[in-house]
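Descriptive analysis of the structure
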Amino acid sequence: PYHMHINLDLLECCHLTSAMLLEVPNMSLDDANQRSSTHRNHHQRRAISRHFRKHMDIFICLVFTGPPENSRDHVLAASKALMVGDWKTANDLVLGLDAWNLIPGKGAAESVKTIVAAKLKAEALRAYLFAYSTSYESLSLPVLCAMFDLETATAYSIIPKMLINHE
């Protein structure tokens, strides 16, 4: 029935955003491992979302990318920005989609946007550390918190997890 209909644009937006949050740090880690000759990754990381990876590979190989037109283009452009730690651009691209307003319930869209923004900041921090880890000898936690607009406790919970997982 129509009243139980889920908008396909909202569904695609949610799927691609979720896949982006899972895949972008892995893609940054894979790129960092390929660039680093001293770090040998003996186990190959598997793709979490092959669908997203396929779209991302095509998007990265494009010679010219115009401004994003649909939700897929917005999420892919945000992913490209997120891979280098540019969370503000990714945040503007993803949360600027009109599809988020299609979430049913009073105030549900704003609460989802708040959660997505927090996840974007956290994954941008991880992707940034993967992408630029070879450029730094040490990093300051307050500087990272200022760069990614994170609370100290949030950043402090992300970084030890990365160390425990040998990332």
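All residue numbers refer to position in the chain's written sequence, counted from 1. Only residues with pLDDT of at least 70 are given local features in this predicted model, and only at 80 or more are side-chain atom pairs given and counted; all residues enter the totals for whole chains, interfaces and linings. Side-chain metrics in this entry use all non-hydrogen atoms of the structure; hydrogen atoms and water are not considered.

**Observations concerning the packing of aromatic side chains**
- Ring pairs shown here join Phe, Tyr and Trp side chains whose ring centres sit within 6.5 Å, with only the six-membered ring taken for Trp; geometry is labelled stacked below 30 degrees between planes, edge-to-face above 60, and tilted in between. Tallied over the full model, the rule gives 3 aromatic pairs.
- With a centroid separation of 6.3 Å and an interplanar angle of 45 degrees, the aromatic rings of Y128 and Y136 are classed as tilted.
- Measuring from ring centre to ring centre gives 5.5 Å for Y128 and F148, while their planes differ by 65 degrees; the resulting arrangement is edge-to-face. Pair noted here: Y128 is in helix α5 (residues 108-132) and F148 is in helix α6 (residues 141-148), with a separation of 20 residues, a long-range link.
- Judged by its relative accessible area of 1%, F148 falls in the buried class.
- Taken together, Y128, Y132, Y136 and F148 form an aromatic cluster joined through their ring pairs. A run of DSSP states H or I qualifies as a helix once it reaches four residues; a run of E qualifies as a strand once it reaches two. Both are numbered from the N-terminal end. Buried residues are those whose accessible area, probed at 1.4 Å on protein chains only, stays under 20% of the maximum for their type, while exposed residues exceed 50% and partly exposed ones sit between those limits.

**Focus: helix α7 (residues 152-164)**
- For α7, with 13 residues, the first-to-last C-alpha span of 19 Å sits near the 18 Å given by 1.5 Å per residue.
- Turning to α7, its buried residues are A155, I158 and M162. One face of α7 carries all of its buried residues, which in axial projection span an arc of 65 degrees. In α7, the exposed residues that point more than 90 degrees away from the buried face are A153, Y156, K161, L163 and I164.
- It only takes one pair of heavy atoms within 4.5 Å for two residues to be counted as in contact. Buried residues in α7 make contact with α5 and α6.
- Backbone geometry just after α7 places H166 at a positive phi near 60 degrees. Take the number of residues in a helix, subtract one, and multiply by 1.5 Å to get its expected span. The arc in question is traced by the directions running from the helix axis to the C-beta atoms.

**Observations regarding the nonpolar core**
- Nonpolar core, defined: a set of buried Ala, Val, Leu, Ile, Met, Phe, Trp, Tyr and Cys residues in which side-chain atoms within 4.5 Å join the residues together. Ranked by internal contacts, the top residues of the largest apolar core, which has 45 residues, are M20, F52, V94, W100, L120, L125 and F148.
- Mapped by element, the contributors of at least two residues to this core are α1 (8-35), α2 (50-61), α3 (71-82), α4 (87-95), α5, α6 and α7.
- With 11 residues, the single largest contributor to this core is α5.
- Contact partners of L120, with chain neighbours within four places excluded, come to M20, L21, L82, W87, A90, N91 and V94.

**Considerations on unusual backbone geometry**
- Unusually for a residue other than glycine, D149 sits at a positive phi of about 50 degrees.
- For D149, the position within the fold is in the loop between α6 and α7.
- Accessibility expressed as a relative area gives 47% for D149, which makes it partly exposed.

**A closer look at the confidence of the model for the protein**
- On a range of 0 to 100, pLDDT expresses the predictor's confidence in each residue. With 91% of its residues at a pLDDT of at least 70, the protein reaches an overall mean of 86.
- Across the protein, the secondary-structure element scoring lowest on mean pLDDT is α1, at 85, and the one scoring highest is α4, at 94.

**Notes on the pattern of salt bridges**
- Salt bridges are identified by distance alone: a Lys or Arg side-chain nitrogen within 4 Å of an Asp or Glu carboxyl oxygen. Under the definition given, this model contains 4 salt bridges.
- The shortest N-O distance in the salt bridge between R72 and E12 comes to 3.4 Å. Of this pair, R72 sits in helix α3 while E12 sits in helix α1, and the two are 60 residues apart along the sequence.
- Among the residues examined, R72 registers a relative accessible area of 29% and is labelled partly exposed.

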